[in-house]
Amino acid sequence: MKMKLIHKLSIAAAVATVAVAAGYLPVMTAHASEGPEPTYERLDWSFNGPFGSFDRSQLRRGYKIYKEVCATCHSMEYVHFRDLGEKGGPEFSGPEVKAIAAEYQVQDGPDQAGDMFERPGEGRDTFPSPYPNEEAAAASLGAPPPDLSLIAKARNGGPDYIHALLTSYTEAPANVKVPSGGYYNPVFVAGSGVIAMPPPLSDGQVDYDDGTPNTLDQMSQDVSAFLMWTAEPKLEARHRLGFQVLIYLLALSGILFFATRKIWADQH
Amino acid sequence: MSGNSTYTPSNGFTRWMDSRLPIIRLGHDTAVSYPVPKNLNYWWTFGGILTFMLVVQIITGVVLAMHYVPTTALAFASVEHIMRDVNYGWVLRYTHANGASMFFVAVYIHMFRGLYYGSYKAPREILWILGCLIYLLMMATAFFGYVLPWGQMSFWGATVITNLFGAIPFVGQSVATWLWGGFAIGDPTLNRFFSLHYLFPFLIFGVVVLHIWALHVSGQNNPVGVEVKNKDQDTVPFTPYATVKDAFGLSVFLILFAYFVFFAPNSLGDVENYTIAHPLKTPLHIVPEWYLLPFYAILRAVPSKLGGVILMFGSIAVLFILPWLDTSKVRSARFRPLFKQIFWLHLAVCIALGWCGGMMPDHVLFSVGSIDFTVTYFARILSFYYFFHFLVLFPLLGLIERPKPVPESIAASVLGGRAAPAKA
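All figures in this text were calculated on a predicted structure; none of them were measured in a lab. (Residues numbered from 1 in each chain as written. Chains lettered and ligands numbered in written order. Predicted model: local features only at pLDDT ≥ 70, side-chain atom pairs only at ≥ 80, totals over all residues.)

Novice: Help me understand the overall build of chain A, please; the structure alone is not making it clear to me.
Specialist: When its secondary structure is counted, chain A shows eight helices and four strands. In chain A, the succession of α and β elements from N to C terminus is α-α-α-β-β-α-α-α-β-β-α-α. Looking at chain A as a whole, 31% of its 268 residues are labelled buried. Contacts in chain A between residues at least 24 apart in sequence constitute 61% of all its contacts with a sequence separation of at least 6. (Helix = DSSP H or I, 4+ residues; strand = E, 2+ residues; numbered from the N terminus. Buried ≥ 20, exposed ≤ 12 C-beta atoms within 10 Å, placed from the backbone. Contact = placed C-beta atoms within 7 Å.)

Here is the structure:
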C-alpha cells in the first residue's frame, strides 16, 4: 500500500518535472534576454543542413555590401585578404584578391628610419580597421561598432538574426522612448529595441554587377551569408569531411555489430 | 592487474621480458584474460568510451597548445588563428570543445549506471570514490579550459567562479586575490589556468589508472548485482568478448560525437564566447556550460552566497560518502522496487536542476494570486530533494524496502531470463 503510493507519487513528480521542462524549453530561448522578444524569419540558406555550401555569387555580392557599406564603421580583424581567394569562400581569383587588397592602405613599419609608413594592402594583411583604436571607434555612436569577423556566430540566430536586424528598422511604438541619435529596431534585444546604428541599407543602395535585384531584403541576405562565411570559412570543408567520417563510422559500427553478434553467439 | 595471472610467455623474447619487466603480462591480464561478467549490458561500455575520450582530449589538447597563446591580448586571436589558418585546426578545436561535452555525456551515463546498479557498494567503495575524484577533476579541467579562448563567457564565467572563493569568511578576498594573481582577472590568471588545464588531464589519467586497478581487484559489478561465484559459468574473458562489445559501443558513440563536431559544432556552446572578453561589459545572462548547470542552479538557489557555495560543493561531496549512506544489502535497482522509483525521480530532478541553471533566476514560471513562483523557488525545491534523496532516502529505503528475490548467480540469472519471462 505504502509502496504503491510512493510509486505513484514519484511517477507523478517525474512526469510533472519533465512536462514543466519540456513546456518551458521554447520559452527559455525567447526569454534568455530581457526586452522585446526577437521574432524573425528562419531563411532557407544555401549553407544550411549537412550538405549545405555557400553560393559563390551571393558571397561576392555580400562582400561588395561589406566593402561599400559596413566597412565604413565595422572592422573585420580576423579575415585576411587572401581568404577571399580560398576554396569554400567567394573564391576570387589571385589577381582579383591582389587588386582588392591593393585598394586598402595598410600601416607597416617601422622602416630603417624607425618610422611607420603606409603601403597598399597585400593578401597576407587582414582588413584594416576603419578606426585607429577602440576609443576613436566609440566616439561617433557611443559604443564601438562590433567587429564583424565572427558576428554570425556571436549572436543567437546567426545569419537569420543579421538579416532580420537589417530589415526590421521601423517607427517606434508609442510606449518606447527612443533617445535622439537612436533608432528603433525590435530585433535588437541587447538594447531593448533601441539601436545606435542608423539603418545601413535601403532599396537600390548598392549596385550589383550580376543582375540580381538590389532590394533591401536581397542585400541583407547577401551580406548575412557573407558574414556567415567570414565567421565559419571552413564550413564547406567541415560538411565534406563530416560526411566522409559519418559514412566510415556507420560502416564500422555495422561491422562491429555483426562481429559482436558472432563472438557472443556461443554465450546466449 | 591482479589476481592469478594466466599469462604464459610464448617465445624467447617474451620470456626474457617477463623476467625483467612483465609489462606484456600486465597487458594480458588487464585486457585479454580479465574475467568479465557475461551479463553486462551496453551501459557498461561507457568506461571504455571514457578512456577513449580522455585520450582524444589529451591528443587534441596537446596539439592545440602548440598554437594557442595564453595572454589576454592574443588568446582570442590565437584561437581564431587555429580555426582559420592552422591545417585542420578547426577539426582539432571543434573536436576538443565538443569532446568536453561528449566526455561529460559519457561520464553522466557512467555515473547514473553506477547509481542504478549499486556499483558503489562494498567492495567497490574505493573504486567509486576514485570515480568521484575523476569527476571533480574533470569539472575543474573543463572550467579552466573554458576560460582559455578568452571570450565573454570565458571571462565572466571565471569571474563568477573565482568570486565564489570570496565568500569564505575572513580570508575570502585574500584567497580570491591569490587565485587571480592580482586584484582582478588578467594575464596571470589566464596563464595559470592554461598551466593547470594542461596539468589536470594527466592527474585524471593517473586517477584513471588507480580506478581501473581498483576495478580489476574487485571485479566488475553487473546488472543483477550478485558477485561472480564461478568464473567459468559467470564470466567470459575480456578479449574477445568485452573488446568487441566495447568497440561497437564506442563506434556508435562516435557517430553522435562526429555529428556534433561536423554538423552542429557550436550548438552546445554559448554565442557570447565568440565575442572577445571585455571586463567592462557584463553579458545579460552569465551561464556555465550545460554540464555544470545543475550545480549552478544549486548555487543560485541559496539566498546566502556562502551557503550557496557550501551546498554546491556539498552536492558533490555527498557522492563521496554514498557507499555508507546506502543501507540496502541488495545492489541492483532491478530487485529494489522503491529504489528504482526514486532513481528515476532523482535523474529527473538533476535534469530539472540543469534546466533551472540555464534560466534567468527571477523568471516567473507561474503565478498564484499575487505570488510569483520563480525559477529560484523551483530550484530550491529541487535542491532540497537532491540532498533529501541521498541523505534521507538512501539510508531509509534500505530499512523499509522489501527487495525482490535476487538470483543465486550470474549464470542462473542469464539462464533464468531465458526460461521465465523477465520480472524487471
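Here the narrative resumes.
Novice: Can you help me understand the overall build of chain B in this one?
Specialist: A count of helical and extended segments in chain B gives 17 helices and four strands. Rg of the C-alpha trace for chain B: 24 Å, near the compact-globule value of 22 Å for 424 residues, within the 12% margin. Projecting the C-alpha coordinates of chain B onto the three principal axes gives extents of approximately 65 × 65 × 45 Å. Looking at chain B as a whole, 43% of its 424 residues qualify as buried. Taking all contacts inside chain B whose residues are at least 6 apart in sequence as the whole, residues at least 24 apart take part in 76%. (Rg over C-alpha atoms; globule rule 2.2 N^0.38 Å.)

Novice: How should the packing of helix α5 (residues 89–116) of chain B against helix α11 (residues 238–263) of chain B be read in this particular structure?
Specialist: Helix-helix packing is described using two parameters, namely the angle between the two axes and the distance between the axes. Residues and elements named next belong to chain B. At a closest axis distance of 9 Å, the pairing of α5 and α11 adopts a crossing angle of 135 degrees. Here α5 is positioned oblique relative to α11, judged by the angle of their axes. Where α5 crosses over α11, the handedness of that crossing is right-handed. Contact with α5, carried on its side by Y94, T95, N98 and M102, involves F257, F260 and V261 of α11 and no other residues of that element. Residues belonging to the contact of α5 with α11 are distributed by class as follows: five nonpolar, two polar and no charged. (Axes fitted to C-alpha atoms, helices over the stretch in contact; angles between N-to-C directions. Parallel < 35°, antiparallel > 145°, perpendicular 65-115°, else oblique. Left-handed = near helix turned anticlockwise from the far one by under 90°. Nonpolar A, V, L, I, M, F, W, Y, C, P; charged D, E, K, R; others polar.)

Novice: Where do I start with the interface of chain A and chain B in this structure?
Specialist: Interfaces are often sized by the amount of accessible area the parts lose when they come together. Across the boundary between the two partners, chain A contributes 41 residues, which contact 41 residues of chain B. At 16 residues, helix α8 (residues 235–264) of chain A tops the list of elements feeding residues into the side of chain A that touches chain B. Partitioned by chemical class, the residues of the side of chain A that touches chain B number 25 nonpolar, eleven polar and five charged.

Novice: Can you walk me through unusual backbone geometry in this structure?
Specialist: Note: most residues except glycine have negative phi, and most peptide bonds are trans. A cis geometry characterises the amide bond from G109 of chain A onward to P110 of chain A, with omega recorded as 0 degrees. Cis geometry marks the peptide bond from A122 of chain B to P123 of chain B, where omega comes out at 5 degrees. As for its placement among the helices and strands, P123 of chain B is situated in the loop between α5 and α6 (125–147). Even without glycine at this site, S192 of chain A takes up a positive phi of about 50 degrees. On the secondary structure map, S192 of chain A appears in the loop between β3 (183–184) and β4 (194–195). Not every positive phi belongs to a glycine, and Y88 of chain B is a case in point at roughly 55 degrees. For Y88 of chain B, the position within the fold is in the loop between α4 (75–84) and α5.

Novice: Whenever I open this one, the nonpolar core confuses me. Can you help?
Specialist: A general tendency of soluble globular proteins is for nonpolar side chains to be buried together. Residues and elements named next belong to chain B. Counting 59 residues, the largest nonpolar core has I49, F103, A106, V147, W150 and F257 as the members making the most contacts within it. At the level of secondary structure, the elements contributing two or more residues to this core comprise α3 (46–67), α4, α5, α6, α7 (152–164), α9 (187–218) and α11. Take this core: its biggest share by element is twelve residues, from α5. With residues near it in sequence (within four places) discarded, F257 still touches N98 and M102. (Core = buried A, V, L, I, M, F, W, Y, C linked by C-beta atoms within 7 Å.)

Novice: Looking at this structure, how should I read the pairing of strand β4 (residues 371–374) of chain B?
Specialist: Look at any regular strand and the pattern is simple: side chains alternate between the two faces of the sheet. All names here are of chain B. Relative to β4, strand β3 (residues 364–368) runs antiparallel, the two sharing four bridges. In the sheet register, V368 faces β4, and the bridge partner there is I371. Connecting β3 to the antiparallel partner β4 that follows it, the hairpin turn spans two residues, and G369 within it adopts a positive phi of roughly 60 degrees. (Pairing = 2+ DSSP bridges.)

Novice: When you look at the confidence of the model for chain B in this model, what are you seeing that I'm missing?
Specialist: If pLDDT is low for a region, its predicted coordinates should not be looked at in detail. Residue and element names in this part refer to chain B. Summary statistics for chain B give a mean pLDDT of 94 and a share of 97% for residues scoring 70 or more. Note on residues 418–424: pLDDT is under 50 here. Beyond four places in sequence and across chains, it has three contacts. The ipTM value of the predicted complex is 0.92, and its pTM value is 0.91. (pLDDT = per-residue confidence, 0-100.)

Novice: How should the confidence of the model for chain A be read in this particular structure?
Specialist: Across chain A, the average pLDDT comes to 87, with 85% of residues at 70 or higher. Predicted confidence is poor over residues 15–36 of chain A, with pLDDT under 50, and the contacts of this stretch with residues over four places away or in other chains come to 25 contacts.

Novice: What's the story with the packing of α8 of chain A against α11 of chain B in this structure? I'm lost.
Specialist: Where α8 of chain A contacts α11 of chain B, the axes come no closer than 9 Å and their chain directions differ by 160 degrees. By the angle between their directions, the pair α8 of chain A and α11 of chain B is classed as roughly antiparallel. In the packing of α8 of chain A onto α11 of chain B, the handedness of the crossing is left-handed. Looking at side-chain class alone, the contact of α8 of chain A with α11 of chain B contains 22 nonpolar, five polar and two charged residues.

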